[in-house]
Amino acid sequence: MSYQKWIYKYQYLRAEVEELKEDQTKYSQQFAEDFIIPTSGSTGESEFEIPNDVTDEPIIDSPARPIYKALSKKLHPDVGGDAEEFKRISKLYKSGDTIGLYIAAEYYRIDVSQYLTKELIQSFEDSCAIVDKEIYNIKNSLAYQWCTIDESKQDQYVEWLNKHFGILPKKD
């Protein structure tokens, strides 16, 4: 697939994530209204948090490294850049989201044509896979499942939640 088609696919997937996140916010509120959610330990944090896959280990062999460096020269707070935007591109880089970096570089008017290598284009598939995983995680959250499940299966789902997670419905 051409690099432009990967970018279009990525943008479509990102738009789907944004729509799902809006739904997820409503679904999470509804789930919290409908169920008693156990917490772990004294921290009050939910046992069901999705772990962050992004590590702080440096990425050495990324085809997007030159794009990240060019963006860093423009966005790093030490050179007058925006700290939040720098954090965003750092997260993109550390997660392997090469299309996200490519699009950011275009936005900041960095000549990306010099970085468009065969390896970079091949990595675009991985960027789409990252977004696909995000979609999968949202759609497979307990709240999303609860709010989108067929009404005829809700009783079974309540039993499953109790059996596997100790989650009980709130009494009316």
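Predicted model, so just to flag it, every value in this text is computed and none were measured.

Conventions used here
Residues numbered from 1 in each chain as written. Predicted model: local features only at pLDDT ≥ 70, side-chain atom pairs only at ≥ 80, totals over all residues. Heavy atoms only, no water. Buried < 20%, exposed > 50% of the residue type's maximum accessible area, 1.4 Å probe, protein only. Helix = DSSP H or I, 4+ residues; strand = E, 2+ residues; numbered from the N terminus. Contact = heavy atoms within 4.5 Å. Salt bridge = Lys/Arg side-chain N within 4 Å of Asp/Glu carboxyl O. Expected span 1.5 Å × (residues − 1). pLDDT = per-residue confidence, 0-100. Core = buried A, V, L, I, M, F, W, Y, C linked by side-chain atoms within 4.5 Å. Axes fitted to C-alpha atoms, helices over the stretch in contact; angles between N-to-C directions. Parallel < 35°, antiparallel > 145°, perpendicular 65-115°, else oblique. Left-handed = near helix turned anticlockwise from the far one by under 90°.

Overview of helix α4 (residues 98–107)
- Counting buried positions along α4 gives 7 out of 10 residues, so the element sits mostly inside the fold.
- All of the buried residues in α4 are T98, I99, G100, L101, Y102, A104 and A105.
- Considering only its buried residues, α4 is in contact with α1 (3–34), α2 (65–75), α3 (83–95) and α5 (118–139).
- Of the residues flanking the end of α4, it is R109, one or two places downstream, whose phi is positive at about 55°.

Side note on the side chain of S127
- Residue position: S127 is located in helix α5.
- Relative accessible area serves as the criterion here: at 0%, S127 is assigned to the buried category.
- Look past the residues within four positions of S127 in its chain and what remains in contact with it is Y10, G96, D97, T98 and I99.

Examining the pattern of salt bridges
- For the structure shown, the criterion picks out 7 salt bridges.
- Note that E16 is salt-bridged to K139, the shortest N-O span being 3.5 Å. With a gap of 123 residues between them, E16 in helix α1 and K139 in helix α5 connect regions that are remote in the sequence.
- Within this structure, R14, E18, K21 and E134 form a network of salt bridges that share partners.

Examining α1
- Compared with an ideal rise of 1.5 Å per residue, which puts 32 residues at 46 Å, α1 spans 45 Å between its outermost C-alpha atoms and is within 8% of the ideal.
- Taken together, the buried positions of α1 are occupied by W6, I7, Y10, L13, V17, L20, Q24, Y27 and F31.
- Buried-residue contacts for α1 involve β1 (35–36), α3, α4, α5, α6 (142–148) and α7 (154–165).

Details of the confidence of the model for the protein chain
- Averaged over every residue, the pLDDT of the protein chain is 87; residues scoring 70 or more account for 87%.
- Here residues 42–55 scores under 50 on pLDDT; set against residues more than four positions off or in separate chains, the count is 17 contacts.

Focus on the nonpolar core
- With 41 residues, the main nonpolar core has F31, I67, L71, I89 and L101 as its most contacted residues.
- The element contributing the most residues to this core is α1, with 8 residues.

A look at the packing of α1 against α5
- At a closest axis distance of 9 Å, the pairing of α1 and α5 adopts a crossing angle of 15°. Considered as vectors, α1 and α5 are oriented roughly parallel to each other. In the packing of α1 onto α5, the handedness of the crossing is left-handed. Residue-level contacts link Y3, W6, I7, K9, Y10, L13, R14, E16, V17, L20, K21 and Q24 of α1 to I121, F124, E125, S127, C128, V131, D132, E134, I135, I138 and K139 of α5.

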